[in-house]
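Coordinate inspection notes
One letter stands for each residue in the lines below.
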Amino acid sequence: CSSLTSITIPDSVTTIGGYAFYECTSLTSITIGDSVTTIGDFAFCDCDSLTELTLPSTLWAVGYYAFASGSYKQSRTFYFKSIDPPYTLSNGEWGVFSGNYVELTTIYVPTESVERYKTADGWNEYADYIFGYDFE
């Protein structure tokens, strides 16, 4: 999928499977429908051109390395609308954002949920990169 630049995942989709967009290096724009509840392992891993992504409030589970990158060298911004941190099996080695340049990642969550994310299993390893955001 190296020539894929944009994708819209409709509201009828509830799961983005593992490796769905793995190494889609030209992917710059993704619109994710409001019904997605699960994102599988490595789903957006090594999508090196993706700089911003908004995840719906319905999201409740995120797999290993879902947004990881080993070669990403520019900043990335993720907006998680979920009040409760999505469940993940992250264990430090296999995190949601693991990779060489995780320090270039900013994670915005609902302002009232910042502490919940910063202390939740699988999210606490990214506490320094989690900030509050007032979603409308």
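Look a little higher up for the structure.
Per chain, residues are indexed from 1 in the order of the written sequence. Where totals are concerned, whole chains, interfaces and linings use all residues; where local detail is concerned, this predicted model gives features only for residues with pLDDT of at least 70, and gives and counts side-chain atom pairs only at 80 or more. The side-chain figures draw on all heavy atoms in the structure; neither hydrogens nor water molecules are used.

1. Remarks on the environment of T25
- Following the sequence through the fold, T25 ends up in the loop between strand 2 (15-16) and strand 3 (29-32).
- Exposure is judged per residue with a 1.4 Å probe applied to protein chains only, and the accessible area is read against the type maximum: over 50% gives exposed, under 20% gives buried, and values in between give partly exposed. Looking at T25, the relative accessible area reads 34%, which means it is partly exposed.
- Residues T25 and T8, 17 residues apart in the sequence, show an inter-C-alpha distance of 16 Å.
- Apart from residues no more than four positions distant in its own chain, T25 is found in contact with S2, D46, D48 and S49. Only DSSP runs of H or I with at least four residues qualify as helices, and only runs of E with at least two residues qualify as strands; both kinds are numbered from the N terminus onward. In what follows, a contact means two residues having at least one pair of non-hydrogen atoms within 4.5 Å.

2. So, the packing of aromatic side chains
- The pairing test for Phe, Tyr and Trp rings, Trp by its six-membered ring, is centres within 6.5 Å, and the orientation test on the planes gives stacked under 30 degrees, edge-to-face over 60, and tilted for anything in between. Summed over the entire model, instances satisfying the criterion amount to 21 aromatic pairs.
- Aromatic pair F42 and Y65: ring centres 5.2 Å apart, planes at 55 degrees, arrangement tilted. Of the two residues, F42 sits in the loop between strand 4 (38-39) and strand 5 (52-55) while Y65 sits in the loop between strand 6 (61-62) and strand 7 (76-80), which places them 23 residues apart along the sequence.
- The class of F42 is buried, set by a relative accessible area of 13%.
- Taken together, a centroid distance of 6.4 Å and an interplanar angle of 85 degrees make the contact between Y79 and F135 edge-to-face.

3. Description of empty space enclosed by the protein
- Here a cavity is any set of points on a 1 Å grid over the protein atoms alone where a 1.4 Å probe fits but cannot get out, and a pocket is any open set with protein on both sides within 12 Å along at least 5 of 7 lines; a residue lines the site when it has an atom within 4 Å of a point. Grid points are joined across faces, edges and corners, and a volume is the space filled by probe spheres set on the points. This structure, assessed with the given rule, holds 1 cavity of 30 Å³ or more.
- Put simply, the largest cavity is a space of about 60 Å³.
- If you go around the largest cavity, you meet 11 residues; those closest to its centre are F44, C47, L50, F67 and R76.
- A class-by-class count of the residues in the lining of the largest cavity yields 7 nonpolar, 1 polar and 3 charged. We call Asp, Glu, Lys and Arg charged. Ala, Val, Leu, Ile, Met, Phe, Trp, Tyr, Cys and Pro are nonpolar, and the rest, Gly among them, are polar.

4. Concerning the side chain of S69
- The residue S69 is located in the loop between strand 6 and strand 7 in this model.
- Classification of S69 by relative accessible area gives buried; the value is 5%.
- Here a polar contact means two N or O atoms within 3.5 Å. Within protein one must be a hydrogen donor candidate and the other an acceptor candidate, and residues neighboring in sequence count only if both atoms are side-chain atoms. A distance of 3.0 Å separates polar atoms of two side chains, one belonging to S69 and the other to D48.

5. Thoughts on the sheet that holds strand 9 (residues 130-133)
- Note on pairing: DSSP must find at least two bridges between two strands before they are called paired. Strand order across the open sheet formed by 4 strands is 5-7-8-9, with parallel pairing between neighbours. Single-partner strands in this sheet number two, and they are strand 5 and strand 9. Averaged over all adjacent pairs, the angle separating strand axes in this sheet is 20 degrees, with direction ignored.
- Bridge count between strand 5 and strand 7: 4 bridges; the pairing is parallel. Bridged to E52 within strand 7 is T77. Axes here mean lines fitted to C-alpha atoms, for a helix over just the part in contact, with angles spanning 0 to 180 degrees between N-to-C directions.

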